[in-house]
Amino acid sequence: MDIIQMKNVSFSYQQDQPVLDGINLNIKKGEWVTILGHNGSGKSTLSKLLIGLLKPSQGEIIIDNITLSRETVHEARKHIGIVFQNPDNQFVGVTVRDDIAFGLENLQVPRNEMVERIDKYAHKVHMAEYLNKEPHNLSGGQKQRVAIAGILAMQTDIIIFDEATSMLDPKGRRMILDYMSQLNKEGVTIITITHDMKEAVLSDRIVVLKKGKIIKVDKAKSVLKDQETLEKSNLELLLPLKVLNYLEKENIDNEKVRSYLWELSLTR
Amino acid sequence: MKNIVIGRYIPGNSFLYKMDPRTKIISLFVLMVAVFMIPRDAFEMMFIGIGLIVLLLLIGKISIKRVYLGLRPLMFLLIFTFVFQILFNRQGPELQSWDLNYSFLNIIAAAVLVLFWIFTKKYVRTKILYFAFMLVGVIIILNQLSLGNVFSTGQLVIHEEALLIGFFIMMRLIIIVTLSTVLTLSTKPTDLNLGLEAVMKPLKFLRINTEEIAMIISISLRYIPTLLDEANKIMLAQASRGVDFAEGKLKDKVMQIISLLVPMFIISFKRSDELANAMEARCFIPGATRTRLHQLFWNRLDTVALVVSLIILIGSITVRVVV
Amino acid sequence: MGIKFNKVDFKYQGNDNKAYLALSNITLNIKDTGEFITLIGETGSGKTTLVQHMNALLTPLSGSVDIFGVKINRENVKKKKVKLNPIRQQVGLVFQFPEYQLFEETVQKDIIFGPKNFGVDEATAIERAKEVIKVVGLDESYLQRSPFNLSGGEKKRVSIAGILAMEPDILILDEPTSGLDPLGRNALLDVFYDIHKKLNKTIIIITHDMNTVYEYAKRVLVMRDSYLVYDGDPIHLFTNKNIDNWNLDVPDLLNLIHKLEEDLGIQLPTQPRNEQELFEQLKVVLS
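Just so it is clear, the model here is predicted, and its values are computed rather than measured. (Residues numbered from 1 in each chain as written. Chains lettered and ligands numbered in written order. Predicted model: local features only at pLDDT ≥ 70, side-chain atom pairs only at ≥ 80, totals over all residues. Heavy atoms only, no water.)

(A) Representation of the overall build of chain C in the model. Across its full length, chain C carries 11 helices and 10 strands. Taking 19 Å as the expected radius of gyration for a compact globule of 287 residues, we find that chain C reaches 20 Å, a close match to that expectation. Taking all 287 residues of chain C together, 55% fall into the buried category. Taking the contacts inside chain C whose residues are at least 6 apart along the sequence as the reference set, 61% of them involve residues at least 24 apart. (Helix = DSSP H or I, 4+ residues; strand = E, 2+ residues; numbered from the N terminus. Rg over C-alpha atoms; globule rule 2.2 N^0.38 Å. Buried < 20%, exposed > 50% of the residue type's maximum accessible area, 1.4 Å probe, protein only. Contact = heavy atoms within 4.5 Å.)

Right, here's the structure in full:
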């Protein structure tokens, strides 16, 4: 079943300058899809459309059988959550506890249940001992973990990570990636928006955007190797795959090395 | 920069910390009215009031030093009103008067003293006392010396009423500020906000959305440290480009301030935009009903505190009406 | 000359009124020409505090920093014995977010703001603006545009041009490539490398990207919990046993070389420093 359907979606801020142009994309329940693209390719606009912060100038978006419109958007947001890029600009609460509670308060979850869920999901992202901390005493990675807990507590089926790791240090980045794969294994549909190929490796499918258009949608394995497509969108191949392509070009036929490089690129 | 944060909360565990913020806010209001009800000639009442405040600070384990820090920014206002009363209020019997001799040399001597005060005050810790010394010094110079040609004379007269009113205004201000300081010292900003929201609920009849106001205050509380931090970084970034915030002519000063304000505004706009998106994405709908994680609980202590405050108010009204 | 740290300590006052150590006993020498240094470490390890000492934005709590012969310590700064402004011209510091510094109506006005503060006359400053805008890979048409209508990468370049126009001897960049796509990142790194090569300036880059460290840097500084734990070349850094404790990633290139050696027994003649070297060596070994 397709949990997300985008049918011929376009969006423009100004006439004649489409930021997104004729996007068709279906995402299955439990799938992990990476959206790759250069700076300004429209990938963040895509995430804002999915969460109903922007309205398509053309086409329609269906989330969990709800066609997005002004009337249904609030209902649809109960099914889809998003972690944004800047850890500081999405931390609403005065403390970690208050921030995780924010979404639950909006959903009118009764207080008893709220307390339970906060506790549960703070544990899940290993932030339980920080519940009373204020945001300016947390690192960027910790704030992003709180953001994840806030969405998990709302028990949405889909989570979008919109360049959620780009402002973090390597350790913070690794942790967020670990949570992504763990959540995906538990059945959460995950959409990562990034230009970091290492984030794309673990996903099921990859969508490559260039100047507002989808130039490729395919299984992750085949896109990762597609130098031509990736370079069109300012992206770089993973190093083992670069070597693999080089060996092919030079006609160096060592099957053992080739299959090894291929395996290596798919493990993180 | 960090000292700007007004009304700092200092953790503690006295009964003041266990009270419901609603009680504290309502009691503060009731006691403020009570203080204003004290008639001008009821010295005993005022001293009882001061006694009660000191008692509150002692039982509530609030450090006097903290309260003094809260009062310090108001010292100028206090002294100004007092001096104003002394100089211009001419009601009631004369208490004391001094002749003042104005001559060029006298005025120069007084001016020298004032200049000396201006340049040395930064080295003195008790600024208020030092200011008082300076004032007394000027009066003594004008009163005692008559150097050179005295072209005019005047009189400094202190009337009983002036002293009385000056004293009362000062005391009222001090009590009110002390009470407010006690409130902010003993209440977490989030609780204070919650309490304010609850107390303001009746305003809903005036179509004022109290929940939204509470949300605005809560977000401001959240972002004050972030914004201060950011302002500091922008200052450093511009200092790196040769902006010397300590020096510069007036024209440079304007440019310096612009170089700070423009980035501040632009970053804040972007931030509020992103924050609004993040809030909406998490199902926030302005004006919609929400449940709350933080709920207030009314204890017996709160009833007692409120009753005591009301008794004090009734007491002061009674004194004003009856006596 | 250059910058010399001598047993520098620094503490921050936290929000809870406790003091947090940001620098502990830092001793360090940086030459005024020809160095290409990367500074790495976790968030909060003291990297930014360290570079802010290099142009006297911060004053050591104890110890001293010698910047081009000017001694910066608590006493000298408190008694105003030293002029800080000339130092900031000699050591240019580009902050992480260009939004912190851009404020003028046009890119040109923003670029000449720095030089003018240091007493350069307007005509000369404009000449410099025309030069530096090209150095950072933009053309002159950008000079008349508003800095606020540029893309993230362009803003970053303009903010760097604004510092370059001050003609500093040492250029420091705080996470200049974070948030850029791979092509944008590589292009910007090439700009820095060009500045380093052609003008023989010392460049210091704070980064989280170990590939940058391995491929570009001649020297690496590693900060950890306010201490400077490593000062040396990148090759030795990544063979160091401590690397796991310091929470650093291994550069892709080294990772691949190690893997090939461990799993397939492929030994390369020398340790390649960039992709091209790796390709060529592999070609020789495999054919």
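(B) Local environment of the domain arrangement of chain C. Residues and elements named next belong to chain C. Taken domain by domain, chain C comprises domain 1 (3-250) and domain 2 (251-287). Between the C-alpha centres of domain 1 and domain 2 the distance comes to 33 Å. Across the contact, 10 residues belong to domain 1 and 9 residues belong to domain 2. Carbon and sulfur atoms make up 56% of the surface buried where domain 1 meets domain 2, a total of about 950 Å² over both sides. The largest contributions to the domain 1 side of the interface with domain 2 come from Y214, E215 and V250, which together make up 61% of the buried area. (Domains from an automatic or database assignment. Buried area = accessible area lost by both parts, 1.4 Å probe.)

(C) Looking closely at the side chain of N184 of chain A. Residue and element names in this part refer to chain A. Along the chain, the position of N184 falls in helix α6 (residues 170-185). N184 sits in the buried class, given a relative accessible area of 16%. Within the local environment of N184, its side chain forms a polar contact with the backbone oxygen of G30, the two atoms lying 3.3 Å apart. (Polar contact = N/O pair within 3.5 Å; in protein donor to acceptor, adjacent residues only side chain to side chain.)

(D) Representation of the interface of chain C and chain A in the model. Counting residues at the interface gives 31 residues for chain C, matched by 30 residues for chain A. Interface of chain C and chain A: buried area, both sides summed, is about 2,800 Å²; carbon and sulfur atoms make up 61% of it. Joining chain C to chain A, the criterion identifies 6 salt bridges. Here E250 of chain A makes a salt bridge to K283 of chain C, at a shortest N to O gap of 3.0 Å. (Salt bridge = Lys/Arg side-chain N within 4 Å of Asp/Glu carboxyl O.)

(E) Summary view of the packing of aromatic side chains. Inspection of the entire model under this criterion finds 17 aromatic pairs over all chains. Measuring from centroid to centroid gives 5.4 Å for W117 of chain B and F131 of chain B, while their planes differ by 55 degrees, and the two rings are tilted. Taken together, the positions of W117 of chain B in helix α6 (residues 104-120) and F131 of chain B in helix α7 (residues 127-144) put the pair 14 residues apart, joining distant regions of the chain. Using a relative accessible area of 24% as the deciding quantity, one classes F131 of chain B as partly exposed. Between F36 of chain C and Y216 of chain C, the ring centres sit 6.4 Å apart and the planes meet at 25 degrees, which makes this aromatic pair stacked. Here F36 of chain C, found in strand β3 (residues 36-40), pairs with Y216 of chain C, found in helix α8 (residues 210-216); they are 180 residues apart in sequence, far enough to count as distant. Residues F36 of chain C and Y216 of chain C agree in their burial class; the two are buried. An aromatic cluster is present here, built from F47, F167 and F168 of chain B joined pairwise through their rings. (Phe/Tyr/Trp six-rings, centres within 6.5 Å; stacked < 30°, edge-to-face > 60°.)

(F) Layout of the sheet that holds strand β10 (residues 213-219) of chain A. All names here are of chain A. With mixed pairing, 6 strands are arranged side by side in an open sheet as β6-β7-β8-β3-β9-β10. Of all the strands in the sheet, just β6 (80-83) and β10 have a single pairing partner and so form its edges. Across the sheet, the mean angle separating the axes of adjacent strands is 15 degrees when strand polarity is ignored. The sheet contact formed by strand β9 (residues 205-210) and β10 spans 6 bridges and is antiparallel. Following the sheet pairing, L209 is matched in β10 by I214. α6 rests against β3 (32-37), β7 (158-162) and β8 (189-194) of the sheet, and its axis sits at about 150 degrees to β8. (Pairing = 2+ DSSP bridges. Axes fitted to C-alpha atoms, helices over the stretch in contact; angles between N-to-C directions.)

(G) Up close: helix α10 (residues 252-264) of chain C. Look at α10 of chain C: 17 Å from first C-alpha to last across 13 residues, which is about the 18 Å you get at 1.5 Å a residue. Within the span of α10 of chain C, buried status applies to L253, L254, L256, I257, L260 and L264 of chain C. Buried residues of α10 of chain C, seen end-on, are gathered within an arc of 165 degrees and therefore sit on one face of the element. Tucked into the core, α10 of chain C has its buried residues touching α10 (239-249) and α11 (255-266) of chain A together with α8, α9 (234-239) and α11 (275-286) of chain C. Residue G265 of chain C follows α10 of chain C closely and has a positive phi angle near 70 degrees. (Expected span 1.5 Å × (residues − 1). Arc of directions from axis to C-beta.)

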